[in-house]
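Single-letter residue listing:
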Amino acid sequence: MSIYTTIDSPLGEMLLVGDGRALTRVAFLDGAAVDPGWQRDPAPLAEAARQLREYFAGERTAFDLDRAGQGSEFQELVWAAVDALPYGATTTYGELAAEIGVSRDRVRAVGAAIGANPLLVVRPCHRVVGANGSLTGYAGGVKRKQRLLTLEGALQPQLWEVS
């Protein structure tokens, strides 16, 4: 059975889901739905909530949480490479593909695996950018991606908004 809770963040309300042992999903509530079969129980997710609050306060640069694998073998390979991206750094989809040893023609598959990341913020897919540095795609929205990268110091604060 899945358990869940919600937390407030500077980027909007977040949904945390777990299986009682590990975190299985982190999403922004405006882009996710609570399954009617899930049980609301914040206690088992308190550590994840604490670490996310510390991250948003600028007090944490890495997460130390049990996570349940739930992707294909290829997705898990891509996600492991994303997990290794350091705080405040970015990489491109092409660089990530090369790092995991797949050919350049698999960049779209790498992007699809990143897009399927069920652990937003905790697994830092926001650190993957377009080849020209553009803030392409993010399940939480490009504005949130910009704010996360700014929080981490990978982008300078802007006076303009991303549309």
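Please refer to the structure higher up on the page.
Right, let's walk through the structure included here. Being a predicted model, the structure only gives us computed values, none of them experimental.

What counts as what
Residues numbered from 1 in each chain as written. Predicted model: local features only at pLDDT ≥ 70, side-chain atom pairs only at ≥ 80, totals over all residues. Heavy atoms only, no water. Helix = DSSP H or I, 4+ residues; strand = E, 2+ residues; numbered from the N terminus. Polar contact = N/O pair within 3.5 Å; in protein donor to acceptor, adjacent residues only side chain to side chain. Contact = heavy atoms within 4.5 Å. Core = buried A, V, L, I, M, F, W, Y, C linked by side-chain atoms within 4.5 Å. Buried < 20%, exposed > 50% of the residue type's maximum accessible area, 1.4 Å probe, protein only. Axes fitted to C-alpha atoms, helices over the stretch in contact; angles between N-to-C directions. Parallel < 35°, antiparallel > 145°, perpendicular 65-115°, else oblique. Nonpolar A, V, L, I, M, F, W, Y, C, P; charged D, E, K, R; others polar.

**Considering the side chain of Asn-117**
- As for its position among the elements, Asn-117 is in the loop between helix 4 (107-115) and strand 6 (128-129).
- Polar side-chain contacts of Asn-117 include one of 2.8 Å to the backbone nitrogen of Leu-119.
- At 3.0 Å, the side chain of Asn-117 forms a polar contact with the backbone oxygen of Arg-123.
- When neighbours within four sequence positions are excluded, Asn-117 is seen to be in contact with Trp-79, Arg-123 and Cys-125.

**Considering the nonpolar core**
- Grouped together as the largest cluster of nonpolar side chains are 37 residues, with contacts concentrated most on Leu-16, Leu-23, Leu-52, Val-78, Ile-114 and Val-121.
- Broken down by secondary-structure element, the contributors of at least two residues to this core are strand 1 (3-7), strand 2 (14-18), strand 3 (23-28), helix 1 (46-56), helix 2 (73-83), helix 3 (93-99) and helix 4.
- In terms of residue count, the dominant contributor to this core is helix 1 (five residues).
- Once you skip the residues sitting within four places of it in the chain, Val-78 turns out to touch Leu-96, Ile-100, Val-110, Ala-113 and Ile-114.

**Considerations on the packing of helix 2 against helix 4**
- Contact geometry for helix 2 and helix 4: axes closest at 9 Å, N-to-C directions at 80 degrees. Taken together, helix 2 and helix 4 sit at an angle that is classed as roughly perpendicular. Contacts from Phe-74, Gln-75, Val-78, Trp-79 and Val-82 in helix 2 reach Ala-109, Val-110, Ala-113 and Ile-114 in helix 4.
- For the contact of helix 2 with helix 4, the residue count by class is eight nonpolar, one polar and no charged.

The quantities given are spatial measurements derived from coordinates; they are silent on function.
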